[in-house]
Amino acid sequence: MGLPAGALHYTFADCLEWDESERVELIGGEPFMMSPPLRIHQEISGEIFAQMHQYLKGKECRAYYSPFGVRLFEQDGDSPEDVDTLVEPDITVVCDRSKLDQYGCKGAPDMVVEVLSPSTRRHDRLVKLGLYQRAGVREYWIVDPENKSVQVFLQDNGFLRLHEDYGREDTAKVNIFDNCCIDLRAVFAE
């Protein structure tokens with residue numbers, strides 16, 4: 001990765017200079033390398049995305065599949081040097097199109113889905129949950145391929161609180177939309 005020598009705090013401006021083939025998240029100015037996802041991770045996130053994308057056809061909101069950069073705390077008027085947090089959720093849903101630009105999403109998306117992998121379990125459950133909560137993400141899903149389960153967290157008075165825990169045979173409700181459900185039998189088909 002082409003990190004500048006001696007720099008201790010990185011920003012989105014630095015990310016724009018790095019090799020695009022390397023996946024890096026930036027949290028509070030600290031870079032975190034991302035390993036390539038496992039095949040099962042791609043199958044699970046792909047199925048959730050396909051169902052979500054189908055539901056959103058013809059609607060205002062959009063779903064994006066990783067890699068898709070989300071600058072959680074960027075505000076209007078911020079320059080790339082002002083932004084020190086950039087994450088790449090597995091699935092990002094944005095309903096406010098003014099948050100979209102050529103680089104991805106600036107500000108909190110409406111919904112985020114993270115599929116756990118052996119290298120990200122702790123990070124997704126603690127660090128990212130805290131970031132998404134602080135940013136004001138309305139709905140956060142943690143998908144666990146090992147246990148074939150989905151935990152759904154909803155924003156409640158500034159906190160993302162566990163709302164529902166689904167298993168492999170369930171149909172999971174997407175709470176930010178009316179009549180949107182994800183068939184987990186198809187998600188965990190393997």
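Residues numbered from 1 in each chain as written. Predicted model: local features only at pLDDT ≥ 70, side-chain atom pairs only at ≥ 80, totals over all residues. Heavy atoms only, no water.

Caption draft 1: Up close: the state of the cysteines. Summed over the entire model, instances satisfying the criterion amount to one disulfide. Here Cys15 is not cross-linked by a disulfide; its sulfur's nearest cysteine counterpart is in Cys105, at 15 Å. The exposure class of Cys15 is buried, given its relative accessible area of 14%. Cys180 provides the cysteine sulfur closest to Cys181, a residue in no disulfide bond, and the two sulfurs are 6.6 Å apart. (Disulfide = S-S within 2.5 Å. Buried < 20%, exposed > 50% of the residue type's maximum accessible area, 1.4 Å probe, protein only.)

Caption draft 2: View of the sheet that holds strand β7 (residues 104-106). Sheet architecture is open: three strands sit in the order β4-β7-β6, paired in mixed fashion. The outermost strands of the open sheet, each flanked by one partner alone, are β4 (69-71) and β6 (100-101). (Pairing = 2+ DSSP bridges. Helix = DSSP H or I, 4+ residues; strand = E, 2+ residues; numbered from the N terminus.)

Caption draft 3: The arrangement of the pattern of salt bridges in detail. Counted by the stated rule, this structure contains eleven salt bridges. The residue Arg185 makes a salt bridge to Asp183 at a minimum N-O spacing of 3.1 Å. Assessed through its relative accessible area of 46%, Arg185 is described here as partly exposed. The network of salt bridges with common partners includes Glu25, Glu114 and Lys128. (Salt bridge = Lys/Arg side-chain N within 4 Å of Asp/Glu carboxyl O.)

Caption draft 4: Broad picture of the layout of surface pockets. The calculated volume of the largest pocket comes to roughly 460 Å³. Taken together, 17 residues form the lining of the largest pocket, with Cys15, Glu20, Glu22, Leu86 and Glu88 sitting closest to its centre. For the lining of the largest pocket, the secondary structure elements donating two or more residues are α1 (12-15) and β4. Class assignment of the residues belonging to the lining of the largest pocket gives a composition of nine nonpolar, two polar and six charged. In this structure, the second largest pocket encloses a volume near 340 Å³. Taken together, 24 residues form the lining of the second largest pocket, with Arg23, Met34, Ser35, Ser117 and Thr120 sitting closest to its centre. Breaking the lining of the second largest pocket down by element, the ones donating at least two residues are β2 (30-33), α2 (39-56), β8 (111-115) and α3 (121-135). Grouping the constituent residues of the lining of the second largest pocket by class yields eight nonpolar, nine polar and seven charged. (1 Å grid on protein atoms, 1.4 Å probe; cavity = no way out; pocket = protein on both sides within 12 Å on 5 of 7 lines; lining within 4 Å. Points joined across faces, edges and corners; volume = space filled by probe spheres on them. Nonpolar A, V, L, I, M, F, W, Y, C, P; charged D, E, K, R; others polar.)

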